[in-house]
Each structure stands twice: as C-alpha cells, then as structure tokens.
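What follows is the residue order along each chain.
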Amino acid sequence: MSSDQSARGPRPDENGASPERGEQTRPGASFHEMWRDLAGIGRDASTGGYRRHAWTGADEDCRQWFRAQALSRGLDYETDRNGNQWAWLGDRTAPDAVVTGSHLDSVPDGGAFDGPLGVVSSFAALDELHRRSATPRRPLAVVNFGDEEGARFGLACTGSRLSAGQLTVDRAHRLRDADGTTMARAMERAGHDPDAIGPDPERLNRVGAFVELHIEQGRALADTAHAVGVASAIWPHGRWRFDFHGEANHAGTTRLADRRDPMLAYAQTVLAAREQAAAAGALATFGKVAVDPGGVNAIASRVRGWLDSRAPDEATLAAVVEGVERAAAARAEADGVKVDVTRESFTPVVEFTHTLRDRITGHLAQRLASRPGSPSGPVPVLPTGAGHDAGILSALVPTAMLFVRNPTGVSHSPAETAAEDDCLAGVTALADVLEDLACS
C-alpha cells in the first residue's frame, strides 16, 4: 500500500496505537489489492521464492504493510512487547476478544501463501463483516505473529512462544543466526526493545478465541469438493541438531583407512532417518547441513545437520528420534568420530478445542447449505503435521484453524499455490466464523 493511502488512517500516538477505539471500521483495500501490494516484498527475483526472515528489511516492509492495512480501516493498531502486531476493532482492553490472523515471515525461498494468506484473509473478512452490517458484540482483532517460521534464528513460533511463556527471555536472547547475530541485537537494530520481551498473560487472558486461517500444507482437500476444511489436531514435532566431530585432513593425501570423516556418519544418519520414519508412519527430514571447514579438497572436521521429525503421536515421535540417534551413534563409533545430539525445540500434540472446532464445523455446514452451488456433505476435519501459532496458543486460549485447499499439496516452496476462488471461499468462511463468534 502506498504511503499516501496509509496516511489516511488515524494518527497513532507515541505508543503506536490509534487514538480511536476502533469501534467503527471501514473497508480497506480489496483482497486482490492487498495480495498484489504484499506480493513483491521479500521476493527473490532469481528463484521466485520469499525470504522474509525475522527482523530484516523485508520483515519491516511486511510490518509497515500490516500497519497501513490497520490504519486504513480505522482499527486500533499496536505492537506488543514481543514484536507481534495487533489491529483491533472494539475495545482492546475488554475481555473475551475474538482474534484471527497468522504470520508474514517465510522459510528460505518459501511460497506466497504460507502465513500471508491468513493475514490478508483476516482483513478481508473484517471488510466482509462491514458489508454484511454485522455488529461485533465482542472485540475483534487481526494479529501478525513474529518469526513463526524460525528461518533466521532456528526456533519456530518465537513471537507466540514468548507471549505464551514457552520461551524464556534468557534463551531468546541467546538465539543466533548463521552470521552470529543474536536475536536481541537484531530486534534492537529494528527499533524494538529486546529487554521488554517475555510472557504476556494479561493480553492472552483477554482472548476468548483464536482462529487461524492457513493454506493446507498437504492435499487432503484436493480430492474433495470443499475449498475449506477445519483442523482437528497438529502432530507433535520437533527439531534436533546432530553434531558429528571428526578430524580435518587433506582429501588428496589421506588414505581412506586413516580418515575420521564425519560426513560418512552424517550420510548414514540421513538414510536411517528415512528408514525409521517410513517404518513408523512418521516423517523425518534432514533439510539443513553445515560443514566445517567446507573445502572441496578437505576432509571435514565437523558436520552439523538438523533433523525435523513429526509423527501422529508423541510415543511414535520419540521412537523415531531414538532410532535415528542409535544409528548415528553406531556409525560414528565405526568411523572413529563423535556425535552430540541437541534437542532445539519440541511441540507436543495439539488437539484443538473440541467445542470450538465442532461449533465452527457445524456453523460452516449450515452456511454452505444455505448457499446454492455449495458442496454438500460434512465440512472436512483433518489433522496436520505442520506447526502453527494456533498450536502454541492452544495451551492458554481456545484455538481453531481453517485450511484452504492446496491443489498440489506443495508448501515451503515457490510452487506453493491456491486457486483464487478457493482463497475467496476462505475469506467467506472466516467471515462466517467471526460473525458467529463475535456478533451473535
């Protein structure tokens, strides 16, 4: 959105909040206009993928876009202590608020829809409520959670974890990116106070429900007539760092029998992860690796690889990771190298609040039945292996998720896509849910 459009919003006070209470709203840019204006931010011209990493220039541009959308609608805008952005319709100090939103950051070379679809759809859903002349009885808010992907500092859902008290301030301050910059320093450079971060129970206690719309990261909906589904649960998942320590040496002069090459143990561990996951009906991926010293003609002294593993239940996940660790240790011993394993993050299984999930599913089915040409039958309810801010907040707040159909199932890739009609169906469904929760 251009600077002259954002300037039409109310002038914020020194804390970034609009002096208006946000009790009235007005339509802003359309879904198509918002999508167009956001589409160029952080996009790499050579790959077509997005690199919107936390506390970078691209992240700041996304934040300015969010702020402009809030102010153009007359919403009460603020940034909380952890860098999460909020846009309020109604009294933000009142209890039992209904909140929707997602995130705007990306994985390296990520797709356009993962995160931004939820934020754009949230603003569009508020506009739809305005068109319906629906009057909220509870405060409504749109939120952009910071650093959901964890692409820069290695920990997913940092903004929501801090707010929910699942990430300590000390650990957050120690998080570093690949260049050695701490998250605290990066926040400071971006104009945010890293000493202010921490749990935000007072704010979360005022939230009565959080509903996150997201592109489906899979293709369960692709073979149905439904453009929108409802989440049942999030698989337990985590990230583990495997450090293989060997001995640096010359690639051209060191006999194979004399080598202590950590790359061999790492390679065997990658294969073992695939075997363990396949046998257990789980998922395991080594998607990131760092090699020291990194010379083409040098035997590595250390290979560091990151395992991402997910499973239908926590016992299965534990068994898979333990199997991978055993395989790594056995191969490391055979090759004369040492391996250390560090669990960097873990999120237990999330069963979304059944009462809220069932209410949303039933209400969407009723609304679809009243619209000619809509698909018949129950609204699909499906689990996901992908982590989300909704999963983090679920321990403290009733949460639910809507999924928009993904025709290929591809995600975390520039090839990620969704049909325009399905995106607009997602906006309508989200507006239906917000109207039921906040206006009835």
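Residues numbered from 1 in each chain as written. Predicted model: local features only at pLDDT ≥ 70, side-chain atom pairs only at ≥ 80, totals over all residues. Heavy atoms only, no water.

### As for the overall build of the protein
Secondary structure summary: the protein contains 13 helices and 15 strands in total. What you see for the protein is a C-alpha radius of gyration of 23 Å, in line with the 22 Å of a compact globule of 440 residues. With 440 residues in all, the protein has 54% of them scored as buried. Carbon together with sulfur atoms contributes 49% to the accessible area of the protein, which is approximately 18,500 Å² in total. The protein carries 46 positive and 60 negative side-chain charges, and their two centres are separated by 1 Å. (Helix = DSSP H or I, 4+ residues; strand = E, 2+ residues; numbered from the N terminus. Rg over C-alpha atoms; globule rule 2.2 N^0.38 Å. Buried < 20%, exposed > 50% of the residue type's maximum accessible area, 1.4 Å probe, protein only. Areas by Shrake-Rupley, 256 points an atom, 1.4 Å probe, with all protein chains shown as cover. Lys, Arg positive; Asp, Glu negative; His and termini not counted. Charge placed at Lys NZ, Arg CZ, Asp CG, Glu CD.)

### Focus on the confidence of the model for the protein
Scored by pLDDT, the protein has a mean of 94; 95% of the residues are at 70 or more. Across residues 1-22 the pLDDT falls below 50, and counting only partners more than four positions away or on other chains, this stretch makes 46 contacts in the model. (pLDDT = per-residue confidence, 0-100. Contact = heavy atoms within 4.5 Å.)

### Side note on a nonpolar patch on the surface
Among the surface-exposed residues, Met263, Val289 and Val291 lie close enough to one another that they form a single nonpolar patch of about 200 Å² accessible area. Checked against the element boundaries, Met263 lands in helix α9 (residues 262-280). Classification of Met263 as partly exposed rests on a relative accessible area of 31%. (Patch = residues over 30% accessible without salt bridge, like charges linked within 9 Å, V, L, I, M, F, W, Y side chains within 5 Å. Salt bridge = Lys/Arg side-chain N within 4 Å of Asp/Glu carboxyl O.)

### Some remarks on the pattern of salt bridges
Under the definition given, this model contains 33 salt bridges. One salt bridge in this structure joins Arg131 and Glu128, with 3.3 Å as the shortest N-O distance. Of the two residues, Arg131 and Glu128 both sit in helix α4 (residues 116-131), 3 residues apart, roughly one turn of that helix. Looking at Arg131, the relative accessible area reads 54%, which means it is exposed. One network of salt bridges, in which partners are shared, links Glu128, Arg131, Arg132, Arg367, Arg371, Asp432 and Glu435.

### A look at helix α3 (residues 57-72)
Compared with the 22 Å implied by 1.5 Å per residue over 16 residues, the 22 Å span of α3 between its first and last C-alpha is a close match. Those residues of α3 lying buried are Ala58, Asp59, Cys62, Arg63, Trp65, Phe66, Ala68, Gln69, Ala70, Leu71 and Ser72. (Expected span 1.5 Å × (residues − 1).)

### What about the packing of α3 against α4?
Running from amino to carboxyl end, α3 crosses α4 at an angle of 10 degrees, the nearest separation of the two axes being 11 Å. Here α3 is positioned roughly parallel relative to α4, judged by the angle of their axes. For the pair α3 and α4, contact is made by Trp65, Phe66, Gln69 and Ala70 and by Val119, Val120 and Phe123, respectively. Looking at the contact of α3 with α4, its residues break down into 6 nonpolar, 1 polar and no charged. (Axes fitted to C-alpha atoms, helices over the stretch in contact; angles between N-to-C directions. Parallel < 35°, antiparallel > 145°, perpendicular 65-115°, else oblique. Nonpolar A, V, L, I, M, F, W, Y, C, P; charged D, E, K, R; others polar.)

### Here's the deal with the side chain of Ser122
Within the secondary structure, Ser122 sits in helix α4. Excluding its chain neighbours within four sequence positions, the residues that come into contact with Ser122 are Thr100, Gly101, Val142 and Leu430.

### Focus: the side chain of Glu416
Its place among the elements puts Glu416 in the loop between β15 (399-404) and α13 (420-439). Here the side chain of Glu416 touches Ser411 through a polar contact of 2.6 Å, side chain to side chain. Apart from residues no more than four positions distant in its own chain, Glu416 is found in contact with Gly111, Ala112, Phe113, Asp114, Ile215, Val410 and Ser411. (Polar contact = N/O pair within 3.5 Å; in protein donor to acceptor, adjacent residues only side chain to side chain.)

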